[in-house]
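Chain by chain, the residues:
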Amino acid sequence: IERKPLLDTLGQVLAQDVRAPEPIPPFDNSAMDGYAVRAHDVAQASKTSPVTLKILESIPAGYVPTRSVGPARATRIMTGAMMPEGADAVVRVEDTRSEGEHVDILAPVAVSENVRRAGESVSREQCVLTKGTCIRPQELAMLASINCSEVTVIRRPIVAIVSTGDELTPLGEPLEPGKIRDSNRYGIYGQVAEAKAIPLDLGIVKDDADALERKLAEAMQQADALITSGGVSVGDYDVVKEVLLRMGEINFWRVAMKPGKPQAYGFIQGKPVFGLPGNPVSSLIVFELFVRPALLKMGGDTQLFRPIFSAQLRHDLINDTNRLNFMRAIITQEGDRFFASTTGPQSSGNLHSLVLANGLIHVPPNAHLKQDEHVQAQWLE
């Protein structure tokens, strides 16, 4: 946990309950612009038979009344201003007619009408926010209203990001034959930030086990978790798995899913390591399904997964593999029904198919689905 200035905590999770050191509102105040009166004095007031009261003073918000309201007396009062002694209600300015030092009351009010009582919203020592609450703008306002200038929250995890592969070319450099741009690192950086963690960009490492080990050791000194991209397949130059086994442990490295079958998950020095595939779509989808929930949990969130719902297919679909297929889709809503269509070719190297998508549909292994059948779906945003 950490203690931070209030304005720096948006999106973080409270590490302890918060109690109000003072009531809200701190004093009885007017909910309307109007006149503070004794309700008994104006009980018979009407437009045809107004009750005339003498005006004692005018109280703007932020000022303290100087006179008590007695029989046949009223005080001009603004919204939020402190109620004067003796008054027990406020007549709206719309229900009055004033002239000089007197005001005609044109409608009755009940005791406490248009009055906010001290502690009406929050009482002293009341628990206003509980441990585990994610701080949104309304929580910022609530904390400010009870004079919390600093807040104890769960720290955002720092996540190191490393791209691996001899084929990767940094942005801004000429693209030589056989090389590709390093796009995964930028997508992952954005995903880490959206998961409310702090991304730490450690650049590109060639397919060299010793160099990679040095880079991962550096990452472990600076971060709470590590994400690598590429090098977790079964090729001769896929060195990430080798280095992870050398430095720590791997819990699994293949999942029966498409895209994203080759992936690694384990620990180095007790810190989680996520080895993502090199194909850009695979990398981003594995992050969405595996890494995002983990980073949210590390940051104290309890809502880890996006909702899954039923969507009706707009066209036939075939999954001829024995793996669960997460297809990129365009999902639309019509009334209380959802409809889904794929974004086109579903190659794991087709990053544009993910750019076009606003969701994923879950297509079971070896499934031949017809138009209008239902599948499970989830948003990507």
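All values derive from a computational prediction rather than experimental measurement.

Moving on to the overall build of the chain. The number of helices and strands found in the chain is 6 helices and 28 strands. A compact globule built from 381 residues should have a C-alpha radius of gyration of about 21 Å, whereas the chain, at 32 Å, is more than 25% larger. The dimensions of the chain, computed from C-alpha atoms along their principal axes, are 95 × 50 × 40 Å. The contacts in the chain between residues at least 6 apart in sequence include a share of 68% that link residues at least 24 apart. Here the chain displays about 19,000 Å² of accessible surface, and carbon together with sulfur accounts for 51% of that area. Of the charged side chains in the chain, 39 are positive and 46 negative, and the gap between their average positions amounts to 2 Å.

Turning next to the environment of Arg 117. Its place among the elements puts Arg 117 in the loop between β10 (115–116) and β11 (127–129). Of the residues examined, Arg 117 reaches a relative accessible area of 27% and is grouped as partly exposed. Apart from the residues lying within four places of it in its own chain, the contact partners of Arg 117 are Pro 25, Phe 27, Asp 28, Asp 88 and Ser 112.

The next point concerns the packing of helix α3 (residues 209–222) against helix α4 (residues 240–247). Interaxial distance between α3 and α4 falls to 10 Å at its minimum, and their mutual angle equals 55°. Relative to α4, the element α3 lies oblique. Considering the relative orientation of α3 and α4, their crossing is right-handed. Contacts between α3 and α4 pair Ala 209, Asp 210, Leu 212, Glu 213, Leu 216 and Ala 217 from the former with Val 240, Glu 242, Val 243, Leu 244, Arg 246 and Met 247 from the latter. For the contact of α3 with α4, the per-class residue count stands at 8 nonpolar, no polar and 4 charged.

In this section: the sheet that holds strand β8 (residues 96–99). Judged by pairing direction, the sheet is mixed, and its 6 strands sit side by side in the order β7-β4-β6-β5-β9-β8 without closing on themselves. Looking at which strands have only one partner, the edges of the open sheet turn out to be β7 (89–92) and β8. In this sheet, neighbouring strand axes are inclined to one another by 35° on average, regardless of whether the strands run parallel or antiparallel. Taken together, the 4 bridges between β8 and strand β9 (residues 102–105) define a ladder with antiparallel strand orientation. Looking at β9, one finds that Thr 96 is bridged to Ile 105.

Along helix α2 (residues 184–194), the residues that are buried comprise Asn 184, Arg 185, Ile 188, Gln 191 and Val 192. In an axial view of α2, the angular spread of the buried residues amounts to 125°, which keeps them on one side of the axis. Of the surrounding secondary structure, the elements contacted by the buried residues of α2 are β13 (158–164), β16 (198–205), β17 (225–229), β21 (271–276) and α5 (280–298). Lys 196, located one to two residues past α2, shows a positive phi value of around 65°.

Right, let's talk about unusual backbone geometry for a bit. A cis amide bond links Ile 24 with the next residue in sequence, Pro 25, at an omega value of -10°. Within the secondary structure layout, Pro 25 lies in the loop between β2 (18–19) and β3 (29–30). Following Lys 258, the chain continues into Pro 259 via a peptide bond in cis, with omega recorded as -5°. By the secondary structure assignment, Pro 259 is in the loop between β19 (257–258) and β20 (262–268). Positive phi is not limited to glycine here, since Ser 112 has a value of about 75°. Structurally, Ser 112 can be placed in the loop between β9 and β10. With a phi close to 60°, Asn 114 is a non-glycine residue in the positive phi region.

Conventions we followed
Residues numbered from 1 in each chain as written. Predicted model: local features only at pLDDT ≥ 70, side-chain atom pairs only at ≥ 80, totals over all residues. Heavy atoms only, no water. Helix = DSSP H or I, 4+ residues; strand = E, 2+ residues; numbered from the N terminus. Rg over C-alpha atoms; globule rule 2.2 N^0.38 Å. Contact = heavy atoms within 4.5 Å. Areas by Shrake-Rupley, 256 points an atom, 1.4 Å probe, with all protein chains shown as cover. Lys, Arg positive; Asp, Glu negative; His and termini not counted. Charge placed at Lys NZ, Arg CZ, Asp CG, Glu CD. Buried < 20%, exposed > 50% of the residue type's maximum accessible area, 1.4 Å probe, protein only. Axes fitted to C-alpha atoms, helices over the stretch in contact; angles between N-to-C directions. Parallel < 35°, antiparallel > 145°, perpendicular 65-115°, else oblique. Left-handed = near helix turned anticlockwise from the far one by under 90°. Nonpolar A, V, L, I, M, F, W, Y, C, P; charged D, E, K, R; others polar. Pairing = 2+ DSSP bridges. Arc of directions from axis to C-beta.

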